[in-house]
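# Report on the structure
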Amino acid sequence: MIKFNIAQWRAWAPGLESVDAWQAWSHQPTLPQSSDAAPDVSFLPAMQRRRLSRLARMAFSVGWPLAEGLEQLPLVFISRHGETPRTFEILSDLAAEQPLSPTQFSLSVHNAVIGLWSIMRGETSEMTALAAAGDGLEHGLLEAATLLAEGAPHVLLVITEEQPPEAYANWIDDVPFPYALGLLLTPGDDWQLSLGSDDGQTPKAPWPHALNLLRLLLGAQNTCQHAWMNRVWTWQHQH
């Protein structure tokens, strides 16, 4: 069992940007309609903004406010699918025998977001980019918990997924809409995460699991479970 505190959070999805909007959603969750909307990152210089994909913009939009005023802030970045639209463009250019853009390639790798974060914030703390299949959020929390145990006073955890191109629809079914969730974690025992075995009875929500955790954060429920493979993770908030 892992214990920790969540000092602050931020989340973004199309049409869901304010705390009030998420509070209303948490009590009556629905699937937002997909759109080309992207979060506001006007706090970044225009030259830097141009390099950011929507995935990166989502990560920055939820992470930047949480990092405000904190120095030496370790970051754990989680995304199962990463820069799928950008990678698809590269593959399409290859198939059409077009020259590849070095910039597109360099920004398509899985740790590109944390590289950009480090550069733009001048941050030299430990940073990790994870792609851990269907329970990446929990594995990211494990990574963050080890950093807290080693003495970090805060750890920033960001999970974000971009809706993949239509070509992947038969293989990727866990991103019904783009979203991002940022958590500022601190030592404590207000929250706990435990691991058990799945008996096949754990219900699955139609929205991404990270947003099910958000419902717990907002008081819509006291516990939530997430099953993947033969594992079932239980999140609990001690009110």
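Looking at an unreviewed UniProt entry, the protein carries the name Beta-ketoacyl synthase, N-terminal domain, with the source organism given as Pseudomonas saponiphila.

The packing of two helices is summarised by the inter-axis angle and the distance between the axes. At a minimum axis distance of 9 Å, the contact between helix α1 (residues 19-27) and helix α8 (residues 209-217) shows a crossing angle of 100°. Taken together, the axes of α1 and α8 lie roughly perpendicular to each other. Contacts between α1 and α8 pair Trp22, Trp25 and Ser26 from the former with Leu211, Leu214 and Arg215 from the latter. Of the residues assigned to the contact of α1 with α8, the class counts are four nonpolar, one polar and one charged.

Residue placement: asparagine 5 occurs in strand β1 (residues 2-12). A relative accessible area of 17% means that asparagine 5 is categorised as buried. Each C-alpha atom, one on asparagine 5 and one on histidine 237, is 9.3 Å from the other, the two residues being 232 residues apart in sequence. Excluding residues that lie within four positions of it along the chain, asparagine 5 makes contacts with Leu184, Leu185, Thr186, Pro187, Gly188, Asp189, Asp190 and Trp191. For asparagine 5, the side chain forms a polar contact with the main-chain nitrogen of aspartate 189, separated by 3.2 Å.

Here the focus is the pairing of strand β4 (residues 155-161). Judged by how many residues are buried, β4 sits mostly within the fold: seven of seven residues are covered. Covered by surrounding structure in β4 are Val155, Leu157, Ile159 and Glu161 together with Leu156, Val158 and Thr160, the residues of both alternating faces. Of the pairings in the sheet, the one linking β4 to strand β5 (residues 179-197) comprises seven bridges and is antiparallel in character. Its bridge partner lying in β5, valine 158 is registered against glycine 182.

What counts, and where the lines are drawn
Residues numbered from 1 in each chain as written. Predicted model: local features only at pLDDT ≥ 70, side-chain atom pairs only at ≥ 80, totals over all residues. Heavy atoms only, no water. Axes fitted to C-alpha atoms, helices over the stretch in contact; angles between N-to-C directions. Helix = DSSP H or I, 4+ residues; strand = E, 2+ residues; numbered from the N terminus. Parallel < 35°, antiparallel > 145°, perpendicular 65-115°, else oblique. Contact = heavy atoms within 4.5 Å. Nonpolar A, V, L, I, M, F, W, Y, C, P; charged D, E, K, R; others polar. Buried < 20%, exposed > 50% of the residue type's maximum accessible area, 1.4 Å probe, protein only. Polar contact = N/O pair within 3.5 Å; in protein donor to acceptor, adjacent residues only side chain to side chain. Pairing = 2+ DSSP bridges.

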